[in-house]
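Okay, here's what each chain looks like letter by letter:
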Amino acid sequence: MSHDGHHSVVIPAPGPEFQSHTVAHHFDTPVQEFQSAKLGFWLFLATEILLFGGLFAAYFYYHQMYHETFHLGGQQLDWWLGALNTSVLLLSSWTMAMGVRSAQTSQKGKLLMYCGLTVLGAVIFLVIKFFEYKAKNEHGLIEFAHLFDGYNGATGQLSWFTDHDGVMAGVPHGHLFFAIYLTMTAIHGLHVIIGAGLIVWIMKGAAKGRFHAGYYLPVDLVGLYWHLVDLIWIFLFPLLYLVS
Amino acid sequence: MSASNDNAGHGHTASGHDAHGHGELQMGHHHVSSSAMFLNVLIALLILTAITVGASRIDFGSANLLIAMAIASVKASLVIAFFMHVKWDTAINKIVFLSSFLFLSLLFIFTLADQATRRMDDQALTTKTPVDKQWVHPSTLAEQKQ
Amino acid sequence: MTTNVPAVDTHVAEPTSGRKNFLNCSSGFMSWAGTLDHKRIGLMYLVGVSIAFLCGGLFALLVRLHLWSPEGALFANADYNQIFTLHGAFMVFLFVIPAIPGSLGNMVLPLMLGAKDVALPRLNLLSFYLWCSGAVMATLAIILGGFDTGWTFYAPYSIYTDKAVVSIGLGIFLLGFSSIFTGLNFIVTVHKLRAPGLTWFRMPLFVWALYATSILQVLATPVLGITVLLVAFERLYNIGIFDPRLGGDPVLFEHFFWFYSHPAVYIMVLPAFGIVSELVSVHSRKPLFGYKLIAFSSLAIAIISFLVWGHHMFTSGQSTYAMFAFSFLTFFVAIPTAIKEFSWVATIWKGSIALNSPMLYTLAFLIIFAIGGLTGVILGALNVDIHLHDTYFVVAHFHYVMMGSIALAFFAGLHHWWPKMFGVMYNETLAKIACGIIFIGFNTTFLPQFIMGSRGMPRRYATYVPEYAPYHHASTIGAVILGLGIALMVYYLVASLFSGKRAMQNQWGGVTLDWHTPTPPPLENFDHSPSVTTEVYDYSVLDLETTRTPAS
Ligand code: HEM
Ligand SMILES: [Cu+2]
């Protein structure tokens, strides 16, 4: 008991393949440490919701202003790939939930396996996303090579949006849909990459036996992060792919 | 409860409102969900995904967006309640996460309402106000007089 | 309670006795740069925000000197735009928002809760370094050509100008997360680290105020983050959502910006309210009048402040219906705000008032904030604001609240906890003189701005018609007086560190937990983990001996 701050509380390892965990000095109990970190993480997730929320607000705002643009824009996306990616993310969310469960039940091998599967899901998601971007690039809807070449006010020509097949020709400001599509999916994709990185970090710790029934806090938090990434995609998918 | 009890023999009694120590070192009292439940949730999520795609193929007019959002909300609730364990989480954690949606909805409501009612403004200004009552910039007036 | 604390003690400073405190328990660069101790982080914040304040103040003086003559005395018009932008951005993002929570909040909140530290010390340090990197980005932006958009970064100008908007935008993104992490940390700390017996309604009101602030920081700041990111994207690859040439709507930018920045004015002012609540009680030696009302009004303000942001956009082209709603809702902010002001005055009423320098700063706050808050209500009236918007009336309003109220409350808190933090007392006589100079200088600077604003002097103009010259002259003279007052304050505060008299263990006779630890506090704050058995602000438990025992 650390009432004078000199000894720390230690959670013993449940078996030889695991490590014990020392509770930080300013906490009295493991429960207090766990709950503090968890409340903090939920607050962080709330900020993520509001950060993405700004993008969603912009989406709805322009959807309201330029109906046709958004309907036609949605048609240019491949809903089949979107649905596939949705399923991939849902599956990876499931493997992550199972990973946390394995940590809670001190199943080291399973924890590693489920985390590995989750990272695999992240990679598949990104690969599919890459092919989607590639298709948009080919149709001149988002030309990545000219992304930063700017806007020519005199000709009204936007460098990255040439729409050379004229698919968006009939509607006002066709690029707006793709600008929002690109921005939202890119920021989401960044979260996928960060999430996958965190899971790899969890796997490193898991291999050393850091996580077990007595202490699985980091696994739990990274799991929450990964579910949030899934959560955002659950809304992105119908808004971007199915609005037509 | 950084301040622990002066009575060392008494163990890890945490006080205050939110933390409740169980006098144990393990966090064993945390909820561990069954694998079967997780699997059921996954299946429900995949089915709902199929339903959204199906529903979007049918033309409900402007209701399509609403339907898609409603289904997405159900899916999100499943992920939040089960995968994210919110169903078994502490009250404060629930409040924190749900209030983020509440405050976000304020951003949505006011910005979208502004944008939507601006069109009504335009109509009110152009159709209801007689031409001679409409506001004209003074410099335009001066030009007209000349 | 009749005897009060002597304003100036008679003990001469001696070399610190053997007792270790958080200042001298370890030394060396890394013991500070890598510290996880909330008190050391608080001190580093204090140094940081003070530097930012002095830079911002320098820019302010340049602005005022430039406006001495109607044609502009110092700069080309375009350069003037940069100077006032730098002033606003430095003051708002690097000083007013982080100042009180980052420095005094960090220092005092865990002490008041009886905790060893904040709940997430690593995050606390990260938050400080995010602040530093934000400051570096802001400085970098100056080197890269400056920025001239005003602190509000309104689109489309912020998209079109050739200045370093991306750099400062990323700086603000970092500063935003610094602020978020501080708030997040405080919420967790208040929930999870209260000493045994410290129930919610025994928490000091400074803690309540910081808690309400933290809610705003966590819920509003992310929207600022995404807004500055979107402006950066707009400049990098023309997404078009704020750019009218590309079908975007700049009014959306204003919605996003004010969704954050109206709550942000309460992120700035709520901690100031907290300090004032604390100080009126201690220096009147009287429990707060309406403790629960003040606590709940902080929460009420936090929530209402999310409903009124459109009052900054009455001339933006927003729909009349939205304007009506926003104007109507704005008046509700006045209710909890007025409740506080009345409670403070009622607390002082018939108290055993000690006119110590912290109390003088507090009284100055009470007067100035009454004016600042009420002019806000005037501006909230839709029809009046159409006339007053973007005039010096608005400038005067927000300086009455941001400089006159928030900065003064910060000074008040600094003077109040200075002896706690360092164990030394500054020169009280100089402190009282400085407070008087600051009060006079402040009002001389900003009262004339109300008048010239209501007569139509627009804000952010480098030149003006000669008819406004008398007001501008008064204002500039006031600014110089204000600057001298602040210079004096900096002088005696810094001097006290080298030759100050030894402070008392409990300099002012406070009864909250922050005065129940040795002065200056030891590394882990309390020798014996405290537990609370009495109600808050119960001065019958004050041990007067501690107000006469020198700090260790
Ligand atoms: C309590 C602390 C307050 C702070 C720190 C504060 C701060 C500010 C700031 C910085 C601005 C100008 C923003 C800009 O355009 O650059 C402003 C404008 C305004 N404030 Fe306050 N304010 C406070 C209180 C109030 C209150 C209590 C009200 C009304 C109930 C109010 C109503 C307004 C209105 C309506 C404007 C817009 C004026 C215009 O731009 O035309 N403020 N305030
Ligand atoms: Cu406001």
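Everything quoted here is computed from the prediction, not taken from an experiment.

### Here we look at unusual backbone geometry
Residues and elements named next belong to chain C. Note the cis peptide between Ala-155 and Pro-156, where omega equals 0°. The omega torsion across Thr-519 and Pro-520 is -15°, close enough to zero to call that bond cis. Mapping Pro-520 onto the fold places it in the segment after β2 (501–502). Look at Asp-390: it is not a glycine, yet its phi comes out positive at around 60°. Summarising the element assignment, Asp-390 is placed in the loop between α12 (382–388) and α13 (392–422).

### Quick word on the site of ligand 1
Residues and elements named next belong to chain C. Lining the immediate surroundings of ligand 1 are 23 residues, of which Trp-151, Asp-385, His-389, His-397 and Arg-459 lie closest. Side-chain polar atom of His-397 to a nitrogen atom of ligand 1: 2.9 Å apart, as the coordinates give it. Between ligand 1 and the protein, one listed contact pairs an oxygen atom with a side-chain N or O atom of Arg-459 at 2.8 Å. When grouped by side-chain class, the residues that make up the shell around ligand 1 number 13 nonpolar, eight polar and two charged.

### Regarding the coordination of the iron atom of ligand 1
Where a metal carries four tetrahedral donors, each ideal angle is 109.5 degrees; where it carries six octahedral donors, the ideal angles are 90 or 180 degrees. All names here are of chain C. Donation to the iron atom of ligand 1 from the protein comes from one atom only, His-397 (NE2), at 2.2 Å. The metal-metal distance between the iron atom of ligand 1 and the copper ion (ligand 2) is 4.5 Å. Within the secondary structure layout, His-397 lies in helix α13.

### Looking at the coordination of the copper ion (ligand 2)
The coordination sphere of the copper ion (ligand 2), as far as protein atoms go, consists of His-262 of chain C (ND1), His-311 of chain C (NE2) and His-312 of chain C (NE2), spread over 1.9 to 2.0 Å. All donors of the copper ion (ligand 2) come from a single chain, and their spacing in sequence reads H-x48-H-H.

### Concerning the confidence of the model for chain A
Here chain A averages 93 in pLDDT, and 97% of its residues register 70 or above. Overall, residues 1–5 of chain A carries pLDDT values under 50, and its contacts beyond four positions in sequence, including any with other chains, amount to 20 contacts.

### So, the packing of aromatic side chains
Throughout the structure, instances matching the rule amount to 75 aromatic pairs over all chains. Geometrically, the ring pair formed by Trp-208 of chain C and Phe-296 of chain C is tilted, given 6.4 Å between the ring centres and 55° between the ring planes. Here Trp-208 of chain C is found in helix α7 (residues 205–237), whereas its partner Phe-296 of chain C is found in helix α9 (residues 291–304), with 88 residues between them in sequence. A network of ring pairs unites the aromatic residues Tyr-59, Phe-60, Phe-70, Trp-160, Phe-161, Phe-177 and Phe-178 of chain A together with Phe-108 of chain B as a single cluster. Positioned over the ring face of Trp-32 of chain C is Arg-40 of chain C, at 4.1 Å from the centre of the ring.

### Some remarks on the environment of Ser-62 of chain B
Residue and element names in this part refer to chain B. Turning to its location among the elements, Ser-62 is positioned in the loop between α1 (35–57) and α2 (63–83). Judged by relative accessible area, which is 66%, Ser-62 ranks as exposed. When the C-alpha positions of Ser-62 and Ala-116 are compared, they lie 15 Å apart, and in sequence the two are 54 residues distant.

### As for the side chain of Gln-217 of chain C
All names here are of chain C. Along the chain, the position of Gln-217 falls in helix α7. Among the polar contacts listed, one links the side chain of Gln-217 to the side chain of Ser-179, at a separation of 3.0 Å. Sequence-distant contacts of Gln-217, that is, excluding residues within four places in its chain, are made with Ser-179, Ile-180, Gly-183, Pro-222 and Ile-267.

### Let's talk about the interface of chain A and chain B
A common way to report how large an interface is uses the accessible area buried once the components associate. Contacts between chain A and chain B engage 62 residues on the former and 63 residues on the latter. The junction of chain A with chain B conceals about 5600 Å² of combined surface from both sides, 73% of it contributed by carbon and sulfur atoms. For the pair chain A and chain B, the interface holds one salt bridge. Put simply, Lys-38 of chain A and Asp-89 of chain B hold a salt bridge, and the shortest N to O gap is 3.9 Å. Applying the counting criterion to the chain A and chain B interface returns eight residue pairs in polar contact (both at pLDDT 80 or more). Contributions of two or more residues to the side of chain A that touches chain B are made by β1 (10–11), α1 (30–65), α3 (79–104) and α6 (217–241) of chain A. In terms of residue count, the dominant contributor to the side of chain A that touches chain B is α1 of chain A (22 residues). Of the residues that constitute the side of chain A that touches chain B, the class distribution is 40 nonpolar, 18 polar and four charged.

Scoring rules and cut-offs
Residues numbered from 1 in each chain as written. Chains lettered and ligands numbered in written order. Predicted model: local features only at pLDDT ≥ 70, side-chain atom pairs only at ≥ 80, totals over all residues. Heavy atoms only, no water. Helix = DSSP H or I, 4+ residues; strand = E, 2+ residues; numbered from the N terminus. Near = heavy atom within 4 Å. Polar contact = N/O pair within 3.5 Å; in protein donor to acceptor, adjacent residues only side chain to side chain. Nonpolar A, V, L, I, M, F, W, Y, C, P; charged D, E, K, R; others polar. Donors = N, O, S within 2.8 Å, 3.2 Å for Na, K, Ca; no water. pLDDT = per-residue confidence, 0-100. Contact = heavy atoms within 4.5 Å. Phe/Tyr/Trp six-rings, centres within 6.5 Å; stacked < 30°, edge-to-face > 60°. Lys NZ or Arg CZ within 6 Å of the ring centre and 35° of its normal. Buried < 20%, exposed > 50% of the residue type's maximum accessible area, 1.4 Å probe, protein only. Buried area = accessible area lost by both parts, 1.4 Å probe. Salt bridge = Lys/Arg side-chain N within 4 Å of Asp/Glu carboxyl O.

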